[in-house]
Amino acid sequence: MEKLLLLGDEAIAQGAIDGGMSGIYAYPGTPSTEITEYVQHSKQAKELGIHCDWSVNEKTAMETALGMSYAGKRAMVCMKHVGLNVAADAFVNSAITGVNGGVVYTVADDPSMHSSQNEQDSRVLAKFALIPTFEPSNQQEAYDMAYDAFQFSEKYKIPVMLRITTRLAHSRAGVQRREVKQQNILKLPENPLQFVLLPSVARRNYKILLKNQEAFRTESETSTFNKYFEGSDKSMGIIACGIAYNYLMENFQDKPLNFPVLKVGQYPVPRKIINKMVEENDSILLLEDGYPVIEELLKGMLGIGLNVKGRLDGTVPRDGELNPTIVGAALGFIQKQENKIPELVVDRPPIFCDGCGHIDMYNALNEAMNPYGKGRVFADIGCYTLGALPPYSAIYSCVDMGASITMAKGASDAGLIPSACVIGDSTFTHSGITGLLDCIVEKTPVTIIISDNSTTGMTGGQNSHGKGRIIEICKGCGVDPEHIKVIKPLHKYHEENTKILKAELEYKGVSVVIAQRECIQTLKRRNAQKFANK
Amino acid sequence: MKLDIIIAGVGGQGILSIAASIGTTALNNNLHLKQSEVHGMSQRGGDVQSHLRISDKPIQSDLIPLGQADIIISIEPMESLRYLPYLSAEGWIVTNTIPFINVKNYPDIDVVLKEIKSHKHNITINAEEIATEIGSPRSANMVILGAATPFLQMSYEELEKGIKQIFGRKGEAVVETNIKALKAGWEFTKKNM
């Protein structure tokens, strides 16, 4: 088979296609977006009829994949780490139902928060749900794990997690493909009650899940993804998880590595191998790109007995992603670094694109809000979050998908009136509609601005489920049509738009102002395509 | 053979085309390659960089350790300085001289250029001007790649072949413009080294 140059994300997609996947389900989220996009652009996937349309959010994505699994076929769900929180209900319960066709949850964590609100480690959630996890160290392993994970999933009828971090997601390397596997045929579960989590069934299924933990551990202990490398210097054993292994090895390119090393790529934690490492070495160094998950297990609550070094004792910084320099420092190596960043270099934070509709929306909103003072606008996740920065300084929250509407409601309930919020069209359909319904039922005085650029902009312009549907959705939820206002955020309409916003801020009920103008990036791309086709 | 390259710029300036051109050429020469890039929020006018690592031996880390980069290729002058801690003592800076100013406190460009020129090995090139001269103002990134060619341990001809592969599907005209830009940059460095 051919060798391809692939991003870690793309390697996972190709591995899943070749591994017999029938459908991929996801909502865009950095650094996971390119997995689904790769399948969408793959000729092979198209020929194989693999489902690859976006879902409205991670929860619907996961549930749909579970439905595909129920019907006997293999499905993958992709998300960023915080997306797993959205899908958590389906996630934890799917461990109890188990699967029919194989299911793989690919979760891309973002240590250092390059494009995220937190740096939670999905391995903790996998442990919480009691499901096995694979963690590749490179693009080839990403491919192989995606390819093999479906089989593992079907062997134990358990969904499995494939956990990566930003660096692997967005780094390219050569990947050797394997033989393409056939997709499963349609086949219902042998036990018709498998997916019916009535307490009586759930209790039985849960016992099976608990019993399987021993088998999962044995799988980890014998897995080729967990490798123990012997070493003569027993003063320290090193446990390196996923991509941290590369950073470790980078530090020994020009010198011998005499410490025993355990490379971890499959969980639950391979207890027997770790036990060997602890018994044979005076101390243990933990390298994990994320939370100190294994480190905490080894150290225990009281931190007595074992000499464990890592993020908890400061050998490695407590937060942020790892890199070869940080790992080198943890090993006590002196780093050669001749140059510093000159003081004249200033930060260059991301900004709105020239001609972006959010700019004109914020200009009008700021003027309309002027009489009431600052601190009354809640916002959400998307390009428009940049409205928090100067020169706009227009918004005062960004917590999780959909939280703008509900926080505005809570503030209004507390007496902060007017209370307003800004949410994008894609975020609105992802998790905003339910909050709107809360407002409508209570007739809460809130002004909801849906900044509708008809795309999922921040992640690169994926299809938005809200495109062309926002007005109807608001009407359908029960917003008074008199208070659904559509404005076009352009400089030339500034005064008119400000007037409309002012009037709606004065209204003591639910009002929705839809600022509708296409994302400048998708518009450019559309025009370029039009030009190319001529 | 080992080559560690930082490619720097501002989101949207075309650093990934530079990375793809060098990367394809490296693969043609049967070399190992790892290339990490920035997707997401910073692509909206923020600072972006790509770590491109090429070697005849398998490569471990996707990121270049501090102090080990052989070259910084930058489409924006201030951005070339942001990654100085990565540069090795004998490393080269190859950068555009035309600033991309989208922040209020952008430093005096003369001071920026003076700082760049204070480094032992540097090539500063007005890529915009050269790209405009050859009738393709949008190919400044390829002019800069051309200017970096002498330091890439691969021949100009090999790189030209790589660019033909990358831009081939966009048509003959696009290939030709990019090669013209590459050549102009290459000749600039040969004259000014």
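Conventions adopted
Residues numbered from 1 in each chain as written. Chains lettered and ligands numbered in written order. Predicted model: local features only at pLDDT ≥ 70, side-chain atom pairs only at ≥ 80, totals over all residues. Helix = DSSP H or I, 4+ residues; strand = E, 2+ residues; numbered from the N terminus. Contact = placed C-beta atoms within 7 Å. Buried ≥ 20, exposed ≤ 12 C-beta atoms within 10 Å, placed from the backbone. Pairing = 2+ DSSP bridges. Axes fitted to C-alpha atoms, helices over the stretch in contact; angles between N-to-C directions. Parallel < 35°, antiparallel > 145°, perpendicular 65-115°, else oblique. Left-handed = near helix turned anticlockwise from the far one by under 90°. Nonpolar A, V, L, I, M, F, W, Y, C, P; charged D, E, K, R; others polar. Right-handed = clockwise from strand over helix to strand, strands pointing away. Domains from an automatic or database assignment. Core = buried A, V, L, I, M, F, W, Y, C linked by C-beta atoms within 7 Å. pLDDT = per-residue confidence, 0-100.

Moving on: the overall build of chain A. Scanning chain A from terminus to terminus reveals 20 helices and 18 strands. Projecting the C-alpha coordinates of chain A onto the three principal axes gives extents of approximately 75 × 65 × 60 Å. The contacts of chain A with a sequence gap of at least 6 include a subset with a gap of at least 24, amounting to 78%.

Looking only at helices and strands, chain B features seven helices and six strands. Ordering the α and β elements of chain B from the N terminus gives β-α-β-β-β-α-β-α-β-α-α-α-α. For chain B, the C-alpha atoms occupy an extent of roughly 45 × 40 × 35 Å along the three principal directions. When the 193 residues of chain B are sorted by exposure, 55% land in the buried category.

Another aspect to go through is the sheet that holds strand E7 (residues 171-176) of chain A. Reading across from one edge, E1(A)-E7(A)-E2(B)-E3(B)-E1(B)-E4(B)-E5(B)-E6(B) is the order of the eight strands in this open sheet, with mixed pairing throughout. Among the strands making up the open sheet, the edge pair consists of strand E1 (3-7) of chain A together with strand E6 (122-125) of chain B. Sheet twist, expressed as the average angle between the axes of neighbouring strands with direction ignored, equals 20°. Alignment of strand E2 (residues 32-36) of chain B against strand E3 (residues 47-55) of chain B, held across five bridges, turns out to be antiparallel. Bridge assignment links Lys34(B) to a residue of E3(B), and that residue is Arg53(B).

Attention now goes to the packing of helix H17 (residues 425-442) of chain A against helix H18 (residues 470-477) of chain A. All names here are of chain A. Running from amino to carboxyl end, H17 crosses H18 at an angle of 20°, the nearest separation of the two axes being 10 Å. Compared by their axis directions, H17 and H18 come out roughly parallel. In this structure, the crossing between H17 and H18 has a hand that is right-handed. Contacts from Asp425, Phe428, Ile433, Leu436, Leu437 and Ile440 of H17 reach H18 at Ile470, Ile473 and Cys477.

This brings us to the packing of helix H1 (residues 8-18) of chain A against helix H2 (residues 33-41) of chain A. Residue and element names in this part refer to chain A. Axis separation between H1 and H2 bottoms out at 8 Å; the angle between their running directions is 50°. As summarised for this structure, H1 and H2 are arranged oblique, according to the angle between their axes. Of the two possible hands of crossing, H1 and H2 adopt the one that is right-handed. Of H2, the residues touching H1 (which contributes Asp9, Glu10, Ile12, Ala13, Gln14 and Ile17) are Glu34, Ile35, Tyr38 and Val39. Class assignment of the residues belonging to the contact of H1 with H2 gives a composition of six nonpolar, one polar and three charged.

Let's shift gears to the interface of chain A and chain B. With 39 residues of chain A in contact, the opposing surface of chain B contributes 39 residues. Secondary-structure elements contributing two or more residues to the side of chain A that touches chain B are helix H9 (166-169), E7, helix H11 (244-250) and helix H14 (324-330) of chain A. When grouped by side-chain class, the residues that make up the side of chain A that touches chain B number 18 nonpolar, 14 polar and seven charged. Bridge analysis of E7(A) against E2(B) gives three bridges, and the strand direction is antiparallel. What sits directly across from Ala173(A), in E2(B), is Lys34(B).

All names here are of chain B. Among the ten residues of strand E5 (residues 87-96), seven are classified as buried, and the element is accordingly described as predominantly covered. Sheet topology places strand E4 (residues 69-74) next to E5; five bridges connect them, and they run parallel. Paired with isoleucine 72 across the strands is isoleucine 93, a residue of E5. For the segment spanning E4, helix H2 (residues 77-82) and E5, crossover handedness is right-handed. Bridge analysis of E5 against E6 gives four bridges, and the strand direction is parallel. Residue pairing in the sheet places asparagine 96 in a bridge with isoleucine 125 of E6. Viewed along the sheet, the connection from E5 through helix H3 (residues 109-117) into E6 turns out right-handed.

It is worth spelling out the domain arrangement of chain A at this point. Residue and element names in this part refer to chain A. Each assigned domain of chain A is listed here: domain 1 (3-219), domain 2 (227-330) and domain 3 (357-523). Averaged C-alpha coordinates put domain 1 and domain 2 at centres separated by 27 Å. Facing the 23 residues of domain 1 at the interface are 18 residues of domain 2. Contributions of two or more residues to the side of domain 1 that touches domain 2 are made by helix H7 (122-129), strand E5 (133-134), H9 and helix H10 (199-222). Grouping the amino acids of the side of domain 1 that touches domain 2 by side-chain chemistry returns eight nonpolar, seven polar and eight charged.

Further remarks concern the nonpolar core. Val77(A), Ile239(A), Leu287(A), Cys421(A), Val143(B) and Ile144(B) are the most contacted members of the largest nonpolar core, which totals 200 residues. Excluding anything up to four places from it in sequence, Val77(A) contacts Tyr25(A), Ala26(A), Ala61(A), Met62(A), Ala65(A) and Tyr105(A).

With that settled, the discussion passes to the environment of His491(A). Following the sequence through the fold, His491(A) ends up in the loop between strand E17 (484-487) and helix H19 (494-506). In this structure His491(A) comes out as exposed when scored by C-beta crowding, with 11 C-beta atoms within 10 Å.

Another aspect to go through is the sheet that holds strand E9 (residues 237-241) of chain A. Taken together, the five strands give an open sheet; going across it, the order is E8-E10-E9-E12-E13 (chain A), and neighbouring strands pair in mixed fashion. Looking along the sheet, the strands with just one partner apiece sit at the ends: strand E8 (227-229) and strand E13 (308-309) of chain A.

In this section: the confidence of the model for chain B. Looking at chain B as a whole, its pLDDT mean stands at 94, while 100% of the residues score no less than 70. Reported confidences for the modelled complex are a pTM of 0.96 and an ipTM of 0.94.

As a further point, take the environment of Val38(B). All names here are of chain B. In this fold, valine 38 is placed in the loop between E2 and E3. We classify valine 38 as buried; it has 22 C-beta atoms within 10 Å. Taking C-alpha positions, valine 38 is 6.8 Å from serine 50, a pair spaced twelve residues apart along the chain.

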